[in-house]
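# Structural description and commentary
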Amino acid sequence: MPSPYALYAMAAIGVMGIVSAVRGLVDSDYYWHVTTGRLIVESGRVPTTDPFSFTWLGQPWTAHEWLGEVLIYLGVTGLGAGLAAFLFGAVAAGGPLLVGAALRRIGLRTGPVVLGVSLALVVLLPYATIRPQVLSWLLLGGLLSGLILLRPEHGRWAWLLPPLFVLWANLHGLYVIGLGVFAVYAIFAAIGRTPMSSRRIAVLLLLAVSVLATMLTPAGPAGLLYPLRYVEPGDWGLRHIAEWQMPSVTDARNLGLGLVILALVLTRMRGTPAWLATVGVLGMLGALLAVRNGPLAAIAAVPAMTHGLASIRPARPRRPPSPSMARGRRIMEAGLAALVVVAAVVILPGVEGLSGDRVIPQRFPVAATDALGQVAPAANTLAEYEWGGYLIYRLHDAGGHVFVDGRNDMYDQQILDDYLRIRNATPGWEELADSYDVEAILLPPGAAVVNAAAEAGWCEVHRDPVAVLLLRSCPA
């Protein structure tokens, strides 16, 4: 029968998949990701200029997640949104589980490994959804597990790393985190602190080749520098987007991250190889700087947590259980895993829109977008930042364009600042809206410009508890 860890992995994958599927399409970036994937599949080329906004239309855009977006589109169209969400949830679990499997291979006990992986999964759970960054979690887990198992006698397997980075660089921009992890390993190998220290020159060469491999993308060498836009001083996203902010202790979603930090502190990472301890600490520092880094940090911390937890109660020689007892325990474990699988089979068909789109009407302006599609589908629309992707998904084919959307790394900082000036009805907002040729406003009822625009003569076309739609002139 499968090992206890394999059965645990089956159950964890099932739980993460179910949660992701039941949650539905709540991620605002999903909508422009899947639309981009469709455009790439239909046109056969990766866009290099922006097709979605009217403020940056035709200007340079590095679609650094193009392959991930193609996979999202093919998954959703081929399997339906519900099953695609289940698979992405399962993939999200794969990162920590791969690291745990590697730690089992080098002899760590099942109990500490399961506990360490479970803490990481608690961190990932609130963020598991259809999004390219989930693929980065899997690849980070694969990279860490490969480096943990890497030995000189099997050094040829290390040459799989450059192809891995080629794939990663085309799937998602967080490949730079993978390069950072590999760089830490290479530094410790160079100073004699990893099993590959006798092959330090080969490791350093592999690192250089892996860096070059990340340039094999549609963006070419320029793509290697693109992720640095996220850390530019004064970046709009760092100042205004929640996932780029420091984690709040009052946010329940950060409970898992707090438990991971607590585990690292209490166990002091005893017995952890130096390079893995360094990766774990650097990951936690990144998570404390931005919520977005929490899942990556949790995966990076699994080895340090597991080694530390294993050191609390070292393994003692025990009499092996009788064959009948061992068989009975394994049957119970298999029954638990089977229960999760059965739950998935029962729950998934009941998920609304399993073969279509499960949009949360309380989160997105569904009715207001319906109204906009009827009266002015090709309008230049200033919508709530988090709704931009949804409008792209709904109205791009009809000729509609948005002011801004979730691609804050692409837009000029002035455009993003002007969006806030108009939204907040800062003095001079009307002239600013005129300069951008804003034809429609779609914002929550509490946005300052909603009342200001009504007073300025804009026509209110639709209002509900989620959104208000105003047009510069009333439809005929």
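All of these numbers come straight from a predicted model, not from anything done at the bench.

### Some points on helix H6 (residues 133-149)
- Compared with an ideal rise of 1.5 Å per residue, which puts 17 residues at 24 Å, H6 spans 25 Å between its outermost C-alpha atoms and is within 8% of the ideal.
- Taking burial as the measure, the 17 residues of H6 include 13 buried ones, the bulk of the element.

### Observations concerning a nonpolar patch on the surface
- Side chains of Val-122, Leu-255, Leu-259, Leu-262, Val-265 and Leu-266 sit close together on the surface and give an oily, nonpolar patch of about 550 Å² of accessible area.
- With 5 residues, helix H12 (residues 255-267) is the single largest residue contributor to the nonpolar patch.
- Note that Val-122 resides in helix H5 (residues 110-124).

### Focus: the sheet that holds strand S4 (residues 459-463)
- Here we have 5 strands laid out as an open sheet, ordered S2-S1-S3-S5-S4, and mixed in their pairing. The strands lining the two open edges of the sheet, one partner per strand, are strand S2 (401-402) and S4.
- With 3 bridges joining them, strand S1 (residues 380-383) and strand S3 (residues 440-443) adopt parallel strand pairing. Looking across to S3, one finds that Ala-383 is bridged to Leu-442.
- Sheet contacts for helix H16 (residues 366-375): S1, S3, S4 and strand S5 (468-471); angle to S5, the most-contacted strand, approximately 20 degrees.

### Observations regarding the packing of helix H18 (residues 413-423) against helix H19 (residues 429-436)
- One way to put it is that H18 packs onto H19 with a least axis distance of 9 Å and a crossing angle of 135 degrees. Here H19 runs oblique to H18, going by the angle between their axes. The crossing of H18 and H19 is left-handed. Contact residues: Gln-414, Ile-415, Asp-418, Arg-421 and Ile-422 in H18; Trp-429, Leu-432, Ala-433 and Tyr-436 in H19.
- Here the contact of H18 with H19 is built from residues that sort into 6 nonpolar, 1 polar and 2 charged.

### Considering the nonpolar core
- Counting residues in each nonpolar core, the largest one holds 145 residues, and the members touching the most others are Trp-275 and Phe-403.
- For this core, the leading source of residues is helix H4 (residues 81-105), giving 11 residues.
- Not counting residues within four places of it along the chain, the set of residues in contact with Trp-275 comprises Leu-144, Leu-147, Ile-148, Val-181, Val-184, Tyr-185, Phe-188 and Thr-194.

### Quick look at the confidence of the model for the protein chain
- Mean pLDDT over the protein chain: 89, with 89% of residues reaching 70 or higher.
- Below a pLDDT of 50 lies the segment residues 352-356, which in the model reaches 14 contacts outside its immediate sequence neighbourhood of four places, other chains included.

### Here's the deal with the state of the cysteines
- Applying the stated criterion across every chain yields a total of 1 disulfide.
- At a sulfur-sulfur separation of 2.1 Å, the disulfide partner of Cys-459 is Cys-474. Between Cys-459 and Cys-474 the sulfur-sulfur dihedral comes to about 105 degrees; the bridge is accordingly right-handed. In this pair, Cys-459 is assigned in strand S4 and Cys-474 in the segment after S5, connecting sequence segments 15 residues apart.
- Given a relative accessible area of 13%, Cys-459 falls into the buried group.
- Overall, the relative accessible area of 52% leaves Cys-474 in the exposed class.

Basis of the calculations
- Residues numbered from 1 in each chain as written.
- Predicted model: local features only at pLDDT ≥ 70, side-chain atom pairs only at ≥ 80, totals over all residues.
- Heavy atoms only, no water.
- Helix = DSSP H or I, 4+ residues; strand = E, 2+ residues; numbered from the N terminus.
- Expected span 1.5 Å × (residues − 1).
- Buried < 20%, exposed > 50% of the residue type's maximum accessible area, 1.4 Å probe, protein only.
- Patch = residues over 30% accessible without salt bridge, like charges linked within 9 Å, V, L, I, M, F, W, Y side chains within 5 Å.
- Areas by Shrake-Rupley, 256 points an atom, 1.4 Å probe, with all protein chains shown as cover.
- Salt bridge = Lys/Arg side-chain N within 4 Å of Asp/Glu carboxyl O.
- Pairing = 2+ DSSP bridges.
- Contact = heavy atoms within 4.5 Å.
- Axes fitted to C-alpha atoms, helices over the stretch in contact; angles between N-to-C directions.
- Parallel < 35°, antiparallel > 145°, perpendicular 65-115°, else oblique.
- Left-handed = near helix turned anticlockwise from the far one by under 90°.
- Nonpolar A, V, L, I, M, F, W, Y, C, P; charged D, E, K, R; others polar.
- Core = buried A, V, L, I, M, F, W, Y, C linked by side-chain atoms within 4.5 Å.
- pLDDT = per-residue confidence, 0-100.
- Disulfide = S-S within 2.5 Å.

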